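# What the coordinates show
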Amino acid sequence: MSEFLPEAVLKAYDPQPAADLLLAAYRAGRQLGELPEAVRPRTMSEGYDVQDRLVAALGADSAGWKLAIGSHKGKRSSGVGRSIAGRVLRDRLHGDGAELRMPHAGAATIEFEIAYGIARDIAPDAPVVPAAEVVGETRAAFELVLSRYVDRRAVGWPSFAADNSAFQALVLGPVLATGDLAEVARGLVVEVDGVERVRAVTGEDETDPLAALTDLMAVARERGTTIPAGSLVSTGTLSVPFDLTGPGRITARFLGQSLGFTLLPV
């Protein structure tokens, strides 16, 4: 596929037209079928170039990063080979009990995730260290995934990255009482309006949070980006993802703790 061709064989790419189209979709609360072929990113690097322009144009500070497609199966089947990064925008970062309204009636995908607080700056030219060495704290989180495309899986991964990897909102929860994430997963239940909806993913659908953070560190090195101390990194879904189109109260229960938010009518 052209999106994985060596960039040296491709003509110079201007990310601005694609960023302008995605920005217009953000502001209008609408979805696109796909980006026109003439402006569509062909490589992951080009997709991240569009993402950089889009995030800058949105004018929102970044609180950190989110990661997607990070399960063992996802990394293999995507062809990218590692998690795909997006920015967590500070004006879309919320706390426990938040009430959120989506910009349109498309289905939001709900994911319970592990979020790391980064303890120190990670410069792109610094020696490579194990991801565990840069983690300051481990917290529960919900990511709400809502793409600017009608079908985010059909447009190609460079276009997915261009759309800030379909980030819509992050609900940040409590610091976890244990670093044993397998223990968190064993007892995890996600409810909608008090009724159990899903539990933790299993097998090849599992995401290793530290491996996802390692993927982000690799992307940041390649792009010459510093990951600042205090950044949040939400590492990919620990629960079975599900779509929600209507209003509801979403609650995760784990290790005697909970995290919840309310999705309001559009």
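Structure's up top.
Our subject in this report is the structure included herewith. (Residues numbered from 1 in each chain as written. Predicted model: local features only at pLDDT ≥ 70, side-chain atom pairs only at ≥ 80, totals over all residues. Heavy atoms only, no water.)

### Observations regarding the overall build of the protein chain
Each helix and strand counted, the protein chain has 6 helices and 13 strands in total. The principal-axis extents of the C-alpha atoms in the protein chain amount to approximately 55 × 45 × 35 Å. Residue burial in the protein chain is summarised as follows: out of 266 residues, 52% are buried. Residue pairs in contact within the protein chain that sit at least 24 positions apart in sequence constitute 79% of those at least 6 positions apart. Of the roughly 11,500 Å² that the protein chain leaves accessible, carbon and sulfur atoms contribute 50%. One way to put it: in the protein chain the 27 positive side-chain charges average out to a point 3 Å from where the 34 negative ones average out. (Helix = DSSP H or I, 4+ residues; strand = E, 2+ residues; numbered from the N terminus. Buried < 20%, exposed > 50% of the residue type's maximum accessible area, 1.4 Å probe, protein only. Contact = heavy atoms within 4.5 Å. Areas by Shrake-Rupley, 256 points an atom, 1.4 Å probe, with all protein chains shown as cover. Lys, Arg positive; Asp, Glu negative; His and termini not counted. Charge placed at Lys NZ, Arg CZ, Asp CG, Glu CD.)

### A word on the sheet that holds strand β13 (residues 257-263)
The strands that make up a sheet are held in pairs by hydrogen bonds between backbone atoms, and each pair lies either parallel or antiparallel. Spatial ordering of the open sheet is given by β4-β13-β12-β8-β9, a layout of 5 strands whose pairing is mixed. Each of the sheet's edge strands pairs with one partner strand only, and the pair in question is β4 (98-100) and β9 (195-199). Across the sheet, the axes of successive neighbouring strands diverge by a mean angle of 25°, strand direction being ignored. Sheet topology note: the strand β8 (residues 189-192)/strand β12 (residues 248-254) ladder contains 4 bridges and is antiparallel. Of the residues in β12, the one forming a bridge with Val192 is Ile250. (Pairing = 2+ DSSP bridges. Axes fitted to C-alpha atoms, helices over the stretch in contact; angles between N-to-C directions.)

### Focus: the layout of surface pockets
Of the pockets and cavities examined, the largest pocket occupies roughly 500 Å³. What lines the largest pocket is a set of 24 residues, and nearest its centre among them are Ile69, Glu111, Arg153, Thr237 and Pro241. Contributing elements (two or more residues each) for the lining of the largest pocket: β1 (62-68), α3 (72-78), β5 (108-118), β6 (135-145), α4 (157-162) and β10 (232-237). For the lining of the largest pocket, the element with the most residues is α3, which contributes 4 residues. Per-class residue counts for the lining of the largest pocket are 8 nonpolar, 8 polar and 8 charged. (1 Å grid on protein atoms, 1.4 Å probe; cavity = no way out; pocket = protein on both sides within 12 Å on 5 of 7 lines; lining within 4 Å. Points joined across faces, edges and corners; volume = space filled by probe spheres on them. Nonpolar A, V, L, I, M, F, W, Y, C, P; charged D, E, K, R; others polar.)

### Regarding empty space enclosed by the protein
Under the counting rule described, the total for this entry stands at 2 cavities of 30 Å³ or more. If you add up the space inside the largest cavity, you get close to 120 Å³. The wall of the largest cavity is formed by Tyr48, Gln51, Asp52, Trp65, Ala85, Arg87, Leu216, Val219, Ala220, Arg223 and Thr225. Elements that contribute at least two residues to the lining of the largest cavity include exactly α2 (44-58), β2 (84-89) and α6 (209-222). When the residues that make up the lining of the largest cavity are grouped by side-chain class, the tally is 6 nonpolar, 2 polar and 3 charged.

### Points about the packing of aromatic side chains
When we look at a pair of aromatic rings, we describe it by the centre distance and by the angle of the planes. Scanning the model with the defined rule gives 4 aromatic pairs in all. Ring geometry for Phe112 and Phe142: centres 5.7 Å apart, planes at 80°, overall edge-to-face. Residue Phe112 is found in strand β5, and its partner Phe142 is found in strand β6; the two are separated by 30 residues along the sequence. Here Phe112 and Phe142 have matching classes, each one buried. Between Phe112 and Phe254, the aromatic rings sit 5.2 Å apart at their centres with planes inclined by 50°, giving tilted as the arrangement. (Phe/Tyr/Trp six-rings, centres within 6.5 Å; stacked < 30°, edge-to-face > 60°.)

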